[in-house]
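# What the coordinates show
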Amino acid sequence: NDMKITYLGHAALAIEIGDTHIIVDPFISPNELAKDININELKADYILITHAHQDHIVDVEAIAKNTGAKIVSNFEIVTHYGNLGLEGHPMNHGGSWQFDFGRLTYTNAIHTSSFPDGSYGGQPGGFILETSEGNLYIAGDTALTMDMKLIPMQCKIDLAVLPIGDNFTMGIESAVIAADFIECKNIIGYHYDTFGYIIIDHDDAQAAFSKAGKDLTLLPIGDSLTL
Ligand code: NI
Ligand code: MN
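Residues numbered from 1 in each chain as written. Chains lettered and ligands numbered in written order. Predicted model: local features only at pLDDT ≥ 70, side-chain atom pairs only at ≥ 80, totals over all residues. Heavy atoms only, no water.

## Observations regarding the coordination of the manganese ion (ligand 2)
The condition that has to hold: Metal donors were taken as nitrogen, oxygen and sulfur atoms no farther than 2.8 Å from the ion, or 3.2 Å where the ion is Na, K or Ca. Water is excluded, so coordination may look unfinished. Runs of H or I in DSSP of at least four residues are treated as helices and runs of E of at least two as strands, each being numbered from the N terminus. When accessible area is computed with a 1.4 Å probe and restricted to protein chains, residues below 20% of their type maximum are described as buried, those above 50% as exposed, and intermediate ones as partly exposed.
Within the first shell, the manganese ion (ligand 2) binds the protein through Asp 55 (OD), His 56 (NE2), Asp 141 (OD) and His 191 (NE2), at distances of 2.1 to 2.2 Å. Separation of the manganese ion (ligand 2) from the nickel ion (ligand 1) amounts to 3.0 Å, with Asp 141 serving as a shared donor to the pair. Placement of Asp 55 in helix H1 (residues 54-57) and of His 191 in the loop between strand S12 (186-190) and helix H6 (202-211) is noted, with a sequence separation of 136 residues between them. Across the pair, exposure class does not vary: Asp 55 and His 191 are buried alike.

Next comes the structure, spelled out in structure tokens:
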């Protein structure tokens, strides 16, 4: 048994833990870079949503309807999808719940979270998955924040997914500091290259992390890393 993390482009991930399939922040069908990913072929028992921005939720309804997956997010986002007839599990910052794949915590993030129509999408967050296969932190869209220092006080992170695209989130320099704050050496970068504001130089990013003694993985879309 292990944990397999597949990059679906932008901030979208597919995570397999044993028999459980989790999709995170699906923004796939409008993403030209992810055109080889077919959302109708994705398996999902759960869909985790960090916040309500369009570039994190566009394919939620389609995948939830295809798969019957349960939506896990903040209270406001789960209520929004509940009103559309989709099943969910509401959480809020600092809260944890034991799911069949492990213990999930909704963490703090510094960002905003309106739905595409401007309606309130609660407050943005990230997730920690504590599983028998290892512990994964998915930061969501966020600035570097001192709150990240609280994470290793409660949970040893084996692998972290951090935004590195700058402009809307942390950039590379902040993400290197974030990796220090969470005391994690193994980082997957996400939320970069999708559109003009967040195009990064991959070599610069790799160099900044390796100079700090950390390992940055930039997965090609569709590729996986196993923990
Ligand atoms: Ni966002
Ligand atoms: Mn975003």
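## Topic: the pairing of strand S8 (residues 102-108)
Note the following rule: In this description, strands pair whenever DSSP reports at least two bridges between them.
For S8, a buried count of 5 out of 7 residues is recorded, marking the element as mostly surrounded by other parts of the structure. Linking two consecutive strands that pair antiparallel, namely strand S7 (residues 96-99) and S8, is a turn of 2 residues. Strand direction decides the pairing type here: S8 and strand S9 (residues 125-131), joined by 6 bridges, are antiparallel. Note that in S9 the partner of Thr 105 across the bridge is Ile 128.

## Focus on the packing of aromatic side chains
The condition that has to hold: Any two of the Phe, Tyr and Trp rings considered here, Trp counted by its six-membered ring, make a pair once their centres fall within 6.5 Å; the pair's planes then place it as stacked at under 30 degrees, edge-to-face at over 60, or tilted in between.
Summed over the entire model, instances satisfying the criterion amount to 7 aromatic pairs. Aromatic pair Tyr 46 and Phe 101: ring centres 5.1 Å apart, planes at 70 degrees, arrangement edge-to-face. In this pair, Tyr 46 sits in strand S4 (residues 46-48) while Phe 101 sits in the loop between S7 and S8, placing the two residues 55 residues apart along the sequence. Each member of the pair Tyr 46 and Phe 101 is classed as buried. Three or more aromatic residues joined by ring pairs form one cluster here, namely Tyr 46, Phe 99 and Phe 101.

## Topic: the coordination of the nickel ion (ligand 1)
This is how the line gets drawn: A site with four donors is called tetrahedral when every donor-metal-donor angle falls between 85 and 135 degrees; four donors are called square planar, and six octahedral, when opposite donors sit more than 155 degrees apart and all other angles fall between 65 and 115; any other arrangement is irregular.
Each protein donor to the nickel ion (ligand 1) is listed here as His 51 (NE2), His 53 (ND1), His 111 (NE2) and Asp 141 (OD); together their distances run 2.2 to 2.4 Å. Seen from the nickel ion (ligand 1), its 4 donor atoms lie at angles of 87 to 178 degrees, and the figure they make is irregular. Donor residues binding the nickel ion (ligand 1) come from one chain and are separated in sequence as H-x1-H-x57-H-x29-D. We classify His 51 as buried; its relative accessible area is 0%. Among the residues examined, His 53 registers a relative accessible area of 16% and is labelled buried.

Function cannot be read off these values alone, since they describe shape.
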